[in-house]
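Chains, contacts and geometry: an overview
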Amino acid sequence: MTERGNFGTKIGVVLATAGSAVGLGNIWRFPYMTGQDGGAAFILVYAVCILLLGIPGMVAEFVVGRHGASNAVRAYYKMGGRWWSAIGYMGTVTSMIILGFYAVIAGWCLQYLVASFMGNLHGDTNYVATYFKTFSSDPWQPLLWTIVFIVITHLVVIRGVRKGIEKFSNALMPILFVLLLVIVVASCLLPNAGKGVEFLFKPDFSRMSQSVLLDALGQAFFSLSLGTSCLCTYASYFSRQTNLLETAGQIACVDTLIAILAGLMIFPAAFSVGIRPDSGPSLIFITLPNVFQQAFSPSLGYVVAILFYALLALAALTSTISMHEIGTSFFYEELHISRRRGAIIETVVCCAIGVLCSLSCGAVDISLFGKSFLDCCDFLTSNILLPLGSFFTCILVGWVVPRRVVKEEMSNWGTLRVSVYAVWLFIIRFISPACILLVFLHQMGFV
Ligand code: TRP
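Residues numbered from 1 in each chain as written. Predicted model: local features only at pLDDT ≥ 70, side-chain atom pairs only at ≥ 80, totals over all residues. Heavy atoms only, no water.

1. Topic: the overall build of the protein
Within the protein, the secondary structure is distributed over 18 helices and two strands. For 447 residues, the compact-globule estimate of 2.2 N^0.38 gives 22 Å, and the C-alpha radius of gyration of the protein, at 21 Å, lies within 12% of that figure. A total of 447 residues make up the protein; the buried ones form 59% of that total. Sequence separation of at least 24 residues holds for 81% of the intrachain contacts in the protein that already meet a minimum separation of 6. Averaging the coordinates of the 26 positive side-chain charges in the protein and doing the same for the 21 negative ones gives two points 9 Å apart. (Helix = DSSP H or I, 4+ residues; strand = E, 2+ residues; numbered from the N terminus. Rg over C-alpha atoms; globule rule 2.2 N^0.38 Å. Buried < 20%, exposed > 50% of the residue type's maximum accessible area, 1.4 Å probe, protein only. Contact = heavy atoms within 4.5 Å. Lys, Arg positive; Asp, Glu negative; His and termini not counted. Charge placed at Lys NZ, Arg CZ, Asp CG, Glu CD.)

2. Some thoughts on the side chain of S432
For S432, the position within the fold is in helix α18 (residues 421–443). What makes S432 buried here is its relative accessible area of 1%.

3. Topic: the site of the ligand
Surveying the vicinity of the ligand reveals 16 residues, the closest of which are A21, G25, Y102, F222 and S225. One of the backbone nitrogen or oxygen atoms of S20 is found 3.2 Å away from a nitrogen atom of the ligand. Those elements giving two or more residues to the shell around the ligand turn out to be α1 (10–21), α2 (24–36), α5 (85–118), α10 (212–223) and α14 (298–334). For the shell around the ligand, a count of residues per class yields seven nonpolar, nine polar and no charged. (Near = heavy atom within 4 Å. Polar contact = N/O pair within 3.5 Å; in protein donor to acceptor, adjacent residues only side chain to side chain. Nonpolar A, V, L, I, M, F, W, Y, C, P; charged D, E, K, R; others polar.)

4. Description of the packing of α1 against helix α8 (residues 161–188)
At their nearest, the axes of α1 and α8 sit 8 Å apart, and the two run at 75° to each other. Taken as axis vectors, α1 and α8 run roughly perpendicular relative to one another. On α8, the residues touching I11, G12, L15, A16, A18 and G19 of α1 are I165, E166, S169, N170 and M173. A per-class count over the contact of α1 with α8 returns six nonpolar, four polar and one charged. (Axes fitted to C-alpha atoms, helices over the stretch in contact; angles between N-to-C directions. Parallel < 35°, antiparallel > 145°, perpendicular 65-115°, else oblique.)

5. Quick look at the environment of F101
Tracing the chain through its elements places F101 in helix α5. As for F101 and L368, which are separated by 267 residues in sequence, their C-alpha atoms are 15 Å apart. Apart from the residues lying within four places of it in its own chain, the contact partners of F101 are F222, C357, L374, C377, D378 and T381.

6. With respect to a nonpolar patch on the surface
On the surface, a cluster of nonpolar side chains totalling about 490 Å² of accessible area is made up of V114, F117, M118, Y302 and V303. Secondary structure elements with two or more residues in the nonpolar patch: α5 and α14. The leading source of residues in the nonpolar patch is α5, at three residues. Within the secondary structure, Y302 sits in helix α14. Take Y302: its relative accessible area is 36%, and that puts it in the partly exposed class. (Patch = residues over 30% accessible without salt bridge, like charges linked within 9 Å, V, L, I, M, F, W, Y side chains within 5 Å. Areas by Shrake-Rupley, 256 points an atom, 1.4 Å probe, with all protein chains shown as cover. Salt bridge = Lys/Arg side-chain N within 4 Å of Asp/Glu carboxyl O.)

7. Section: the side chain of Q111
You can see Q111 is positioned in helix α5. Side chain to side chain, Q111 and Y131 meet in a polar contact 2.9 Å long. Each residue touching Q111, except ones within four places of it in the same chain, is listed here: Y131, F135, Q141 and W145.

8. A closer look at the packing of helix α9 (residues 193–201) against helix α12 (residues 244–272)
It is the contact of α9 with α12, at a shortest axis distance of 7 Å, that shows an interaxial angle of 135°. With respect to their mutual orientation, α9 and α12 come out oblique. The hand of the α9/α12 crossing is right-handed. For the pair formed by α9 and α12, the contact residues are A193, K195, G196, V197, F199, L200 and F201 on the first element and I260, G263, L264, F267, P268 and F271 on the second. Classifying every residue of the contact of α9 with α12 by side-chain character gives 10 nonpolar, two polar and one charged. (Left-handed = near helix turned anticlockwise from the far one by under 90°.)

9. With respect to α5
The end-to-end C-alpha distance of α5 is 49 Å, a good match for the 50 Å that 34 residues give at a rise of 1.5 Å each. Counting buried positions along α5 yields 26 of 34 residues, so the element is predominantly enclosed. Residue G119 follows α5 closely and has a positive phi angle near 75°. (Expected span 1.5 Å × (residues − 1).)

10. Quick notes on the pattern of salt bridges
A full pass over the atoms with the stated rule returns five salt bridges. When the shortest N-O distance is used, the salt bridge between E334 and R74 registers 2.8 Å. In this pair, E334 sits in helix α14 while R74 sits in helix α4 (residues 72–80), placing the two residues 260 residues apart along the sequence. By relative accessible area, which is 23% here, E334 ends up partly exposed. Notably, a salt bridge pairs E408 with R404, separated by 3.5 Å at the nearest N-O pair. One end of the pair is E408 and the other is R404, both in helix α17 (residues 403–410) and four residues apart, which spans about a single turn. A relative accessible area of 27% places E408 in the partly exposed class. Its relative accessible area of 54% is what places R404 among the exposed residues.

11. Thoughts on the packing of aromatic side chains
Throughout the structure, instances matching the rule amount to 28 aromatic pairs. Aromatic side chains F292 and F308 sit 5.6 Å apart centroid to centroid with 65° between the ring planes, which places their arrangement in the edge-to-face category. On the criterion of sequence distance, the pair formed by F292 in helix α13 (residues 283–295) and F308 in helix α14 is long-range, its members being 16 residues apart. With respect to burial, F292 and F308 carry one shared label: buried. (Phe/Tyr/Trp six-rings, centres within 6.5 Å; stacked < 30°, edge-to-face > 60°.)

12. Observations regarding the state of the cysteines
This model, assessed by the stated rule, comprises zero disulfides. Residue C376 stays outside any disulfide, its sulfur separated by 6.8 Å from that of C377, the closest cysteine. Cysteine C435 remains unbridged, with the sulfur of C49 as its closest cysteine sulfur at 8.0 Å. A relative accessible area of 23% places C435 in the partly exposed class. (Disulfide = S-S within 2.5 Å.)

So this is what it looks like as structure tokens:
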């Protein structure tokens, strides 16, 4: 049996798992989805998804992971037998695809960090838009940054669970929070910032678009790192004293708080200078540099831009670490090789996917179903594979596993009183699967 690492402290558990949850999903994806899908109304649907499907789903994944105390494939195998290990395989593959396209966006952040440091992002609206187009459709530069990002992730992961993942998360998460607060304050103090705050908190249901439900569901899963065995893998490093329900609640709170703060950082500034926030994925790369320049004095704008892209890169790093760990733990435990070798296999595969995603942004025409390869990977994973992964995890924990095992995990072998156990069980047996199914049927036009 391979010697397994584990998290050393309670705060380490929370920060590492929150580090996985908080990432580009909160600071890049959440604001642009909110902007596209109509503001406060989207946030409302999103919050319901987090409460009703997110937290219970997280606990279900934690139960599988801590019980299995191994990589995701084996953990699902131990829980449900041979067929159920398919969920672990699906999660492992999904996380590789996500890491591939995620590293491309994270790479853009690195490029923007350097560019804002050098003062290269300075210019009028057209200049910034052209800068983004030229840069992202260049074959080499974004590709190099993508690989750099995956390699940095690799270097952290090979240091192991305690010295790598836990130590980095403990250091990076507080820095991230402080940076975010600084920019939020700067943004909310701008003239006319109130309109942005209103957009975020005052629902206007007429602006809700058709795909709001599926988008909110996908975003909730993506943001909590749910449905790819990521939480299952981290839970395998939890101790027997970790309170699963409490941990899930804390992480959902931190994650939602950071997403809302990201909204408060972007929308007041955007509205203050009269820029519409519905430009989609390029929101933080085209809209924001303009906002920073117009909203702040030149020297403050310079500092804020650097802080912002540094913040993004850090947030992305704690998340890519968690995705990388899923495959790494699978390869080294199942192929009986060293952790280092396992990590190398994962890195090579993800770099290959990352290269395709990066090239598909303009340099080479790689598209499927009318979307670029990167958009396809994003849609396929977030809106389809993640909800499916969570759906089957709920079925497994709710219907297949002996009730005694589930109860023992939830109550830490009878040492905790879990008053909401019955409610949670009801949700994962009936409500979660039904909701996910409904959203799928709705999307396919059946309901
Ligand atoms: N939750 C992270 C974010 O918000 C991304 C992430 C990390 C993720 N690990 C994951 C998404 C596993 C899905 C699955 O940016």
